[in-house]
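The primary structure of each chain is shown beneath.
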Amino acid sequence: MRYIEQQTVVKRMNGRLIANAIFKYIFLAATLLALLALVILLYRIVSQGAGNLSIDFLTNFASRFPDQAGIKAALVGSLWLMMVVAPTSIILGVGSAIYLEEYAKQNRITSFIRMNISNLAGVPSVVFGLLGLTIFVRAMALGNSILAAGFTMSLLILPVIIVAAQEAIRAVPGELRDASYGMGATKWQTIVNIILPAAIPGILTGSILALSRAIGETAPLIVIGVPVIIQFLPEGVMDTFTALPMQIYDWSSRPQQEFQAVAAAGIIVLMAVLLSMNSIAVIIRNKFDKRY
Amino acid sequence: MTTIITNKSASGTEADQTGKKAVYETKQLNLWYGSNHALKNIDLEIMENEVTAIIGPSGCGKSTFIKTLNRMVELVPSVKTSGEILYRGRNIFDNDYGVEELRTRVGMVFQKPNPFPKSIYDNVAYGPRIHGIKKKKILDEIVEKSLRGAAIWEEVKDRLNENAYSISGGQQQRICIARALAIEPDVILMDEPTSALDPISTLKVEELVQELKKDYSIIIVTHNMQQAARISDKTAFFLNGEVIEFDYTDTIFSNPSDKRTEDYISGRFG
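Caption draft 1: Main features of the overall build of chain A. Looking only at helices and strands, chain A features 11 helices and 0 strands. Ordered by position in the sequence, the α and β elements of chain A form the string α-α-α-α-α-α-α-α-α-α-α. Taking 2.2 N^0.38 as the reference for a compact globule, 292 residues should give roughly 19 Å; the C-alpha atoms of chain A span a radius of gyration of 25 Å, well beyond that estimate. Principal-axis analysis of the C-alpha atoms places the extent of chain A at approximately 85 × 60 × 35 Å. Every one of the 292 residues in chain A was classed for burial, and the buried ones make up 37%. Within chain A, contacts between residues at least 6 apart in sequence are counted, and of these 75% link residues at least 24 apart.

Next comes the structure, spelled out in structure tokens:
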């Protein structure tokens, strides 16, 4: 007695092949739709904003005349912001990930902490803005400075960095740890010499992607009270500043039609910054990608 | 030389008939993974400059036992132990006995070749470096000596800076042995070191083990009974976490005293 009859298999074959083809086109359509939306968006922005892009646009401060408006203060402000966010969030994030993966006892408390870190990654950015306003701007009296905004952004992307770093550390084969411990290495020696070098591509990729999220965030900056029109460059982390998304938000909400084109030019600059950060992430991943 | 030495308990410094000293003595060693009783009342005495083979069917606790000897088993969460393991007369479970110190004296070679994703040189120099040796000249000497000791110097001397993954699996395993030798251990634990290797590489590792026992005490877990018969001086047969028989290898394989040992080595189970 055979359970699979050759005849019924042949009879059903047609239906299976049709279903296979239908699903293939459904998924293809989904991909194309997403791609189409992106292309339309890019086309609109480039066609609107490309005319306003020039060296002057990059080197001028904001102005109430659209043809003189520039993005200098915002661009420099965003770079300052990154200089605070990158070290703060990467050091704290990788440190927490190392603790959770290598040192913490694998018990209920640890898994509770882990679960909540993943949940924090989903908290809306405006909530982090309020947290920053309460702690850094008011309680620590940092005002609407680069430092206050940087710390707030760090909190915002910390969960993403921790999760990415945890995954990268977990992906390091256990045999390498065994080999190191088996020779009398301490935990710290094993982490520095074996685990981190193997996990660094994953950690850096995750960190850079998280940083590019921070550079595009607007809500926390609005809540903190970062100004939009600034006619000077910050000279230190205690100075106030403005950032790319703030400037774009301001331009796009002005009544004059000409400022819409200026906003589009600003978006192009912001996207260029984001794209170059993501490319760095890809290059790092490819360069350090080692097989085990 | 056919004295039954099973369960013989003696102090760590007492010499046997040949004048050799014990490197390891386990006394009523028990180990649990959670509620699973994996090692039961193990009493073994392992002599220096000998090859001690540990055989037994899968899941009998032989890998667990060898990993207990350098406390690597503690990397598994929820492990509990009781009893004593005396290494050179000192209980390794004592609070003031650091695992790092123990593992500097007891090298380990694993089942799967596990070189670090570094150059051959850096792999072998890893141990000395973590123990604080920084001088290039000394490191060079250790690397050469260890690679010669693992009988792989001639094959890799011109490619020391190549990644250790660029050589064959059998060569990788001998790099791992060289890496273990580089910390100048007293004992080398081998956990099925040839199970992932082809017959020719296996033969090379077996010849190497014969060579190494002049200077080191070797404890080797193996699935392969012919291998145990070929290379070991004494053999312990483990079954369900217990030592059924521990004796000279010749005796175990020609005239076992326990029926279960006989059944296992004649291939009736396992």
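Caption draft 2: The interface of chain A and chain B, seen in detail. Taken together, the contact pairs 17 residues of chain A with 20 residues of chain B. Breaking the side of chain A that touches chain B down by element, the ones donating at least two residues are α7 (174–182) and α8 (187–216) of chain A. Residues of the side of chain A that touches chain B, tallied by class, amount to 8 nonpolar, 5 polar and 4 charged.

Caption draft 3: Region of interest: the pairing of strand β10 (residues 242–248) of chain B. Residues and elements named next belong to chain B. Pairing of strand β9 (residues 234–239) with β10, which is carried by 6 bridges, proceeds in the antiparallel orientation. Bridging across to β10, K234 finds its partner in Y248. What sits between the antiparallel neighbours β9 and β10 is a turn of 2 residues, in which N240 has the positive phi angle 50°.

Caption draft 4: Up close: the packing of helix α5 (residues 125–139) of chain A against helix α6 (residues 146–170) of chain A. Residue and element names in this part refer to chain A. The geometry of α5 relative to α6 is characterised by a closest axis approach of 9 Å and an angle of 135° between their N-to-C directions. In terms of axis orientation, α5 runs oblique to α6. Judged by the sense of rotation from one axis to the other, the crossing of α5 with α6 is right-handed. Each of S125, F128, G129, L131, G132, F136 and V137 in α5 lies in contact with α6, whose residues at this interface are A148, F151, T152, L155 and L156. For the contact of α5 with α6, a count of residues per class yields 8 nonpolar, 4 polar and no charged.

Caption draft 5: Spotlight on the pairing of β9 of chain B. All names here are of chain B. The element β9 is extensively covered by neighbouring structure, given that 6 of its 6 residues are classed as buried. Alternating positions in β9 separate into two faces, K234, A236 and F238 on one and T235, F237 and L239 on the other, with burial throughout. The sheet contact formed by strand β3 (residues 51–55) and β9 spans 4 bridges and is parallel. Note that in β9 the partner of T52 across the bridge is K234.

Caption draft 6: Here's a closer look at the environment of R285 of chain A. Along the chain, R285 of chain A falls in helix α11 (residues 258–288). Leave out the neighbours within four places in its chain, and R285 of chain A touches P201 and T205 of chain A.

Caption draft 7: Inspection of the sheet that holds strand β1 (residues 22–33) of chain B at higher detail. With antiparallel pairing, the 4 strands of this open sheet are ordered in space as β2-β1-β4-β5 (chain B). A single partner strand is all that each edge strand has here, and the edge strands are β2 (36–47) and β5 (90–91) of chain B.

Caption draft 8: Seen up close, the sheet that holds β10 of chain B. Residues and elements named next belong to chain B. If you walk across this open sheet you meet the 6 strands as β6-β7-β8-β3-β9-β10, and the pairing is mixed. Of all strands in the sheet, those with a lone pairing partner are β6 (106–109) and β10, marking the two edges. For this sheet, the mean inter-axis angle between neighbouring strands, taken without regard to orientation, is 15°. Both β3 and strand β8 (residues 217–221) contribute to a ladder of 4 bridges, which runs parallel. Its bridge partner lying in β8, I54 is registered against V221. Sitting on the sheet, helix α1 (residues 62–69) is in contact with β3, β6, β7 (187–191), β8 and β9, with an inclination near 150° to β8.

Calculation rules
- Residues numbered from 1 in each chain as written.
- Chains lettered and ligands numbered in written order.
- Predicted model: local features only at pLDDT ≥ 70, side-chain atom pairs only at ≥ 80, totals over all residues.
- Helix = DSSP H or I, 4+ residues; strand = E, 2+ residues; numbered from the N terminus.
- Rg over C-alpha atoms; globule rule 2.2 N^0.38 Å.
- Buried ≥ 20, exposed ≤ 12 C-beta atoms within 10 Å, placed from the backbone.
- Contact = placed C-beta atoms within 7 Å.
- Nonpolar A, V, L, I, M, F, W, Y, C, P; charged D, E, K, R; others polar.
- Pairing = 2+ DSSP bridges.
- Axes fitted to C-alpha atoms, helices over the stretch in contact; angles between N-to-C directions.
- Parallel < 35°, antiparallel > 145°, perpendicular 65-115°, else oblique.
- Left-handed = near helix turned anticlockwise from the far one by under 90°.

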